[in-house]
Amino acid sequence: CQNMTFDLRQLEKDFAGEPVEFVGVFPNVSTTEAQIATFQQTYGLSMSLHLDTTNWAGTLGARWTPEVFVLDAADSVVYQGRINDRYFAPGKRKPKTKRRDLDAALRDCLAGRSVAEPFTDAVGCPIEGVRLSVPDRRGDRLHSAAEKSGGVRFNPSKATQRTRKGRPEGRP
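Residues numbered from 1 in each chain as written. Predicted model: local features only at pLDDT ≥ 70, side-chain atom pairs only at ≥ 80, totals over all residues. Heavy atoms only, no water.

This structure, assessed with the given rule, holds three aromatic pairs. Relative to Phe 39, the ring of Phe 26 lies with its centre 5.5 Å away and its plane at 80°, an arrangement referred to as edge-to-face. Highlighted residues: Phe 26 in strand S1 (residues 23-26) and Phe 39 in helix H2 (residues 33-43), separated in sequence by 13 residues. On the basis of relative accessible area, Phe 26 is assigned to the buried category, the value being 1%. Three or more aromatic residues joined by ring pairs make a cluster, and in this case those are Phe 26, Phe 39 and Tyr 43. (Phe/Tyr/Trp six-rings, centres within 6.5 Å; stacked < 30°, edge-to-face > 60°. Helix = DSSP H or I, 4+ residues; strand = E, 2+ residues; numbered from the N terminus. Buried < 20%, exposed > 50% of the residue type's maximum accessible area, 1.4 Å probe, protein only.)

This is the structure:
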């Protein structure tokens, strides 16, 4: 999601000397290679960006764009969720970011610690074709969600960033 590209560029810069690799994966089938190239050029991301031709999003259980996954050396998910707490609902953001969840997860991993908060709720655009069910905050039952969000992957020797963007060029 272009709204998070500043934060992604900052993460790329902050972890440039670390054994972390950021990779963006676009899971929506309507996304084209040309749209991805335009996105990368427009938003200045250094990470490699790819169409999800191997169903990474489905394998990891991604539902939103952006949603991040951090994987350890054994490719086990040690963090899943949002990049930070700026957005609290689709299109609704706080005036100031207070929690940088992905940054904290990566720092925990690099320090050899378990991730303090291994799951956060991502907020963004739903991935095309994914049936969305989320826990109802009022109880244990599930309900369908028509909200928005995306994904990430980390490996202590290689951390991979998965971002999701599936809208046509020129659309937010």
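Considering the arrangement of structural elements, one finds Arg 86 in the loop between strand S5 (77-81) and strand S6 (87-89). With relative accessibility at 15%, the residue Arg 86 sits in the buried group. A polar side-chain atom of Arg 86 sits 3.2 Å from a polar atom in the side chain of Asp 7. The residues contacting Arg 86, other than those within four sequence positions of it, are Asn 3, Asp 7, Lys 92, Arg 93, Lys 94 and Thr 97. (Polar contact = N/O pair within 3.5 Å; in protein donor to acceptor, adjacent residues only side chain to side chain. Contact = heavy atoms within 4.5 Å.)

Before going further, it helps to examine the pattern of salt bridges. One pass over the full model with this rule turns up seven salt bridges. For Asp 103, the salt bridge identified is with Arg 107, shortest N-O distance 2.8 Å. Placement of the pair is Asp 103 and Arg 107 together in helix H4 (residues 101-110), with a separation of four residues, close to one helical turn. Assessed through its relative accessible area of 40%, Arg 107 is described here as partly exposed. It is possible to trace a salt-bridge network through shared partners that takes in Arg 82, Arg 99, Asp 101 and Glu 117. (Salt bridge = Lys/Arg side-chain N within 4 Å of Asp/Glu carboxyl O.)

Turning our attention to H2. When H2 is considered as a whole, its buried residues turn out to be Gln 35, Ile 36 and Phe 39. Along the axis of H2, the buried positions cluster into a sector of 100°, meaning they face one direction only. Facing away from the buried side of H2 by over 90 degrees, the exposed positions are Glu 33 and Gln 41. Of the residues trailing H2, Gly 44 is marked for its positive phi of about 65°. (Arc of directions from axis to C-beta.)

Of all the 10 residues making up H4, seven are buried; the element is thus mostly covered by neighbouring parts of the structure. Of all the residues in H4, the buried ones are Asp 101, Leu 102, Asp 103, Ala 105, Leu 106, Asp 108 and Cys 109. Lining the buried residues of H4 we find helix H1 (5-14), strand S4 (68-71) and S5.

Counting 22 residues, the largest nonpolar core has Leu 11, Phe 22, Val 70, Tyr 79 and Leu 102 as its most contacted members. Elements with a minimum of two residues in this core: H1, H2, S4 and H4. Counting residues in hydrophobic clusters, the runner-up holds six residues, among them Ala 57, Leu 60, Ala 62 and Leu 71. (Core = buried A, V, L, I, M, F, W, Y, C linked by side-chain atoms within 4.5 Å.)

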